[in-house]
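Observations on the three-dimensional arrangement
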Amino acid sequence: MLRDTLKTLLAAYGPSGKENTVAETVKNLISAHVDSMRVDALGNLIVEKLGSDENGKRIMFSAHMDHIGFVVTHIEDNGYLRVNNVGGINPQISNARHVVFENGTEGVLYCQPLKGEAMMMKHLFIDIGAESREEAEKLVQLGDMAVYAPDYFELGEHRVASPAMDDRCACALLCELLMYLDDPRNTVVGVFSTQEEVGIRGAKVAAYSVQPDIGIAIDVTAWGDTPDVTLPSVQLGKGPAVKFMDASMVATPAVRDAMLKAAEEAGVPAQREVLPFGGTDGAAIQHSRAGVPTGTLSIPCRYVHSPAEVIDMRDMEGGLKLLLKFVENA
Ligand code: CO
Ligand code: ZN
């Protein structure tokens, strides 16, 4: 079940560069459904499901395992931790949050009084309950990373919220795709990539080694359906979105159109996405070696990069059907 797979993946600790727990979780979910699994030097988990046709294509799907977080830069004498952002963090959104480190140490992220300045990362500190630097260092070291504490709740019948939805919802989709693909003609390579949030680093080296004929990134996109927000023109629950363009890539027209055709054939409503900012693993795949025809499937997501990123499970179900049809048609 898509919802159970998603829930399992959302619980795993995994800021950029420390994705190994997520990789282990993915391995446990899909080992029985793939022909090979390996982890490369950057921590990417690369799995292959071999196609029956030796002249078939090699299709790479990429979903990033990492999510945004906070790295400890300094520990003060009174035991408070100072942090910097790992990936795109808005300091305002981070104030007064429950955070957790890899070893389970929990903390409150809070902002000091501002004295007229705009809130910046330097104003934030983590209170882990320590009363001195020595006490703090028994729990957390400089360089350790915290993330928004895992949380999962349902909104109405179709929607779910969690801090790590970007991009564990795509990891869940890719896991389910590998589970449901039954004896495909084309070879499918699933890349569970690392360090997307700090500059699309994992997918870059993975695409180089995988050498795909076609690339598809799966990621969340922004939303245009809450008060005073109209761009991008994407709504939750109206189907997965096929990316036309964002700040990192222009989707290869042939791949983009094949995705729209797959949606139509699968009876899935699909939205067209034009995002005036942002980027995905798709850019790294498309620009790999001599270039790879690449598209991106987006799951509409509200409040991206907050502790309560919201998606609609109908868009996930539609995405799965679209991708299954895409692999069949390729
Ligand atoms: Co992101
Ligand atoms: Zn993402």
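Residues numbered from 1 in each chain as written. Chains lettered and ligands numbered in written order. Predicted model: local features only at pLDDT ≥ 70, side-chain atom pairs only at ≥ 80, totals over all residues. Heavy atoms only, no water.

**Concerning the domain arrangement of the protein chain**
By a frequent convention, interface size equals the accessible area lost on bringing the separate parts together. For the protein chain, the assigned domains are domain 1 (2-67 + 164-329) and domain 2 (69-148). Computed over C-alpha atoms only, the centres of domain 1 and domain 2 are separated by 31 Å. The partner domain 2 presents 12 residues to the 11 residues of domain 1 that form the contact. Counting the surface domain 1 buries against domain 2, the share from its top three residues, Tyr13, His305 and Pro307, is 49%. The interface formed by domain 1 and domain 2 includes one salt bridge. Applying the counting criterion to the domain 1 and domain 2 interface returns three residue pairs in polar contact (both at pLDDT 80 or more). (Domains from an automatic or database assignment. Contact = heavy atoms within 4.5 Å. Buried area = accessible area lost by both parts, 1.4 Å probe. Salt bridge = Lys/Arg side-chain N within 4 Å of Asp/Glu carboxyl O. Polar contact = N/O pair within 3.5 Å; in protein donor to acceptor, adjacent residues only side chain to side chain.)

**A word on the layout of surface pockets**
Its volume calculated, the largest pocket comes out at about 270 Å³. As for the largest pocket, its lining consists of 17 residues, and the residues nearest its centre are Asp166, Gly278, Gly279, Val304 and His305. Here the element with the most residues in the lining of the largest pocket is strand 13 (residues 214-221); it accounts for three residues. A per-class count over the lining of the largest pocket returns five nonpolar, seven polar and five charged. (1 Å grid on protein atoms, 1.4 Å probe; cavity = no way out; pocket = protein on both sides within 12 Å on 5 of 7 lines; lining within 4 Å. Points joined across faces, edges and corners; volume = space filled by probe spheres on them. Helix = DSSP H or I, 4+ residues; strand = E, 2+ residues; numbered from the N terminus. Nonpolar A, V, L, I, M, F, W, Y, C, P; charged D, E, K, R; others polar.)

**Some words on the sheet that holds strand 17 (residues 309-312)**
Hydrogen bonds between backbone atoms are what pair the strands of a sheet, whose relative direction is either parallel or antiparallel. Strand order in this open sheet of three strands is 10-11-17, and the pairing throughout is antiparallel. Strands at the two margins of the open sheet, each flanked by one partner only, are strand 10 (153-155) and strand 17. Pairwise comparison of adjacent strand axes, ignoring direction, gives a mean angle of 30 degrees for this sheet. Where strand 10 lies against strand 11 (residues 159-162), three bridges are found, and the strand directions are antiparallel. For Glu154, the partnering residue across the bridge sits in strand 11 and is Val160. Along the sheet face, helix 5 (residues 165-180) touches strand 11 and strand 17 and points at about 30 degrees away from the line of strand 17. (Pairing = 2+ DSSP bridges. Axes fitted to C-alpha atoms, helices over the stretch in contact; angles between N-to-C directions.)

**Thoughts on the coordination of the cobalt ion (ligand 1)**
Taken together, the protein ligands of the cobalt ion (ligand 1) are Asp166 (OD), Glu197 (OE), Glu197 (OE) and His305 (NE2), with distances of 1.8 to 2.6 Å. Each of the four donor atoms around the cobalt ion (ligand 1) contributes to a set of angles spanning 54 to 149 degrees, which defines the coordination as irregular. Read N to C, the donor residues that coordinate the cobalt ion (ligand 1) are spaced as D-x30-E-x107-H. Taken as a pair, the cobalt ion (ligand 1) and the zinc ion (ligand 2) show a spacing of 3.3 Å, with Asp166 coordinating each metal. Here Glu197 lies in the loop between strand 12 (187-193) and helix 6 (202-210) and Asp166 lies in helix 5, a separation of 31 residues in the sequence. (Donors = N, O, S within 2.8 Å, 3.2 Å for Na, K, Ca; no water. Tetrahedral: all angles 85-135°; square planar, octahedral: opposite > 155°, others 65-115°.)

**Topic: the packing of helix 1 (residues 2-10) against helix 2 (residues 20-30)**
Packing of helix 1 against helix 2 brings their axes to within 9 Å, and their N-to-C directions diverge by 155 degrees. It follows from the interaxial angle that helix 1 and helix 2 lie roughly antiparallel. Regarding helix 1 and helix 2, the two cross each other, and that crossing is right-handed. Residues Thr5, Thr8 and Leu9 of helix 1 pack against Val22, Thr25, Val26 and Leu29 of helix 2. When its residues are assigned to classes, the contact of helix 1 with helix 2 shows four nonpolar, three polar and no charged. (Parallel < 35°, antiparallel > 145°, perpendicular 65-115°, else oblique. Left-handed = near helix turned anticlockwise from the far one by under 90°.)

**Some words on the pattern of salt bridges**
One pass over the full model with this rule turns up 16 salt bridges. Put simply, Arg314 and Asp312 hold a salt bridge, and the shortest N to O gap is 2.8 Å. Judged by relative accessible area, which is 0%, Asp312 ranks as buried. (Buried < 20%, exposed > 50% of the residue type's maximum accessible area, 1.4 Å probe, protein only.)

**Description of the sheet that holds strand 14 (residues 241-245)**
The eight strands are arranged 1-2-12-3-13-16-14-15 in an open sheet whose pairing can be described as mixed. The strands lining the two open edges of the sheet, one partner per strand, are strand 1 (36-39) and strand 15 (271-274). Neighbouring strand axes in the sheet, compared pairwise and without regard to direction, differ in orientation by 25 degrees on average. Together, strand 1, strand 2 (45-49) and strand 12 form the strand contacts of helix 2, whose direction differs from that of strand 2 by roughly 15 degrees. The strands touched by helix 5 are strand 2, strand 3 (58-64), strand 12, strand 13 and strand 16 (294-300); relative to strand 13, the strand with the most contacts, the crossing angle is about 135 degrees.

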